[in-house]
Amino acid sequence: MRILALGDVTDPRSVDYLKNNLWSFREKNRIDFTIVNGENAGFIFGVSPEQAFDLFSAGADVITGGNHTMQNKFIHAALISTDKILRPINYPSEAPGMGYTIQNCNGYNIMIINALGCINMEPQLDNPIPFIERALEREKGKYDFSVLDFHAEATGEKGIVGRYFDGKINIIFGTHTHVPTADARIFEKKTAFVSDIGMCGAKDSILGINAQSVISKYVTHMPTKYIQAEGDIEAQGVVFELNENSGCVTSIKPIKF
């Protein structure tokens, strides 16, 4: 089984890019299941229901979120009505939606979990580890494979969560920093891990944002409106190849297209 995880979709142009290119990438690379982090699809301010629909049409099977998900109030109803759009599991129970889902792929059940880090993140949510543990225990016996999108700033925190769940979750990948890391590995107890899988956004940018607008704010410390970057789009992510019999990941391949 080949599972594709795509990093943060940074703006509406990137949604359109995936609409035009994701299905062909899936077919060429024999991708069975695709997880897309869509929490910046509205350019910083979350993902809209329309953008989520476009991402599903483009070839996403599940859309994960992060620290900006709740900023688009229009997605709240969709979080309740579908189990294919996730928000971080460690939001309070009063928040709309779910932090995990179980989806069928090729006759196997995949549990996809979304969690938010605590270090240098806003909003400040509780430690995600107990939330993830309870979900795994609650659904024990109902899934064949498990995947965690850990949306966090600190690579050290990502490493903590990755090591903690070694042998308990099949695939753990990080999102949020928009920069792919070179630490893809398979831990001792066979959990596949990578700190960050990158972004889907403008190549000539700073994290998908117009470079000059970011530089201006950094240099002047004055209120500055971030501007959506122009130019060519690139999709970044990772393909995990998983042995369906053992549940072990046999390869981790960073990709871009």
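Rules and cut-offs
- Residues numbered from 1 in each chain as written.
- Predicted model: local features only at pLDDT ≥ 70, side-chain atom pairs only at ≥ 80, totals over all residues.
- Heavy atoms only, no water.
- Helix = DSSP H or I, 4+ residues; strand = E, 2+ residues; numbered from the N terminus.
- Contact = heavy atoms within 4.5 Å.
- Core = buried A, V, L, I, M, F, W, Y, C linked by side-chain atoms within 4.5 Å.
- Buried < 20%, exposed > 50% of the residue type's maximum accessible area, 1.4 Å probe, protein only.
- Pairing = 2+ DSSP bridges.
- Axes fitted to C-alpha atoms, helices over the stretch in contact; angles between N-to-C directions.

> Quick one: what's the story with the environment of Y143, residue by residue and with numbers?
Residue placement: Y143 occurs in the loop between α4 (128-138) and β7 (145-151). Along the sequence, Y143 and M111 sit 32 residues apart, while their C-alpha atoms lie 6.0 Å from each other. If we skip the residues at most four places from it in the chain, Y143 touches I102, N109, M111 and L136.

> Describe the nonpolar core, naming the residues involved and giving the relevant values.
What tends to happen in soluble globular proteins is that the nonpolar side chains get buried as a cluster. With 35 residues, the main nonpolar core has L4, L6, V9, L18 and F257 as its most contacted residues. Within the residue set of this core, elements represented by two or more residues are β1 (2-6), α1 (12-28), α2 (49-58), α3 (75-81), β11 (199-202) and β12 (233-242). In terms of residue count, the dominant contributor to this core is α1 (five residues). Residue contacts for V9: discarding those within four places in its chain leaves S14, V15, L18, V36, N37, G38, N40, A41, L55 and C200. If you look at the next biggest cluster of nonpolar residues, it comprises 22 residues, including F33, I110, V147 and V249.

> So what about the pairing of strand β6 (residues 108-116)? Which residues, and what values?
Taken across its nine residues, β6 has seven buried, putting it largely inside the fold. With six bridges connecting them, strand β5 (residues 100-105) and β6 associate as antiparallel partners. Each residue of the ladder has a partner; that of T101, found in β6, is I112. Between β5 and β6, which pair antiparallel one after the other, the connecting turn spans two residues, and N106 there sits at a positive phi close to 55°. Where β6 lies against β7, seven bridges are found, and the strand directions are parallel. Paired with I110 across the strands is F145, a residue of β7.

> Tell me about the environment of I35, and please be specific about residues and values.
Mapped onto the fold, I35 is located in strand β3 (residues 33-37). Taking the C-alpha atoms as reference points, I35 and G237, 202 residues apart in sequence, are found 9.7 Å from one another. Filtering out sequence-adjacent residues up to four positions away, I35 remains in contact with I3, L4, A5, L6, V62, T64, I112, V147 and F173.

> How would you explain the sheet that holds strand β8 (residues 171-175) if you had to name every residue and give the values?
Strand order in the open sheet made by the six strands is β5-β6-β7-β8-β10-β9, with mixed pairing throughout. The open sheet has two edge strands with one neighbour each: β5 and β9 (185-186). Where α4 meets the sheet, its contacts fall on β5, β6 and β7, and the angle it forms with β6 comes to roughly 165°.

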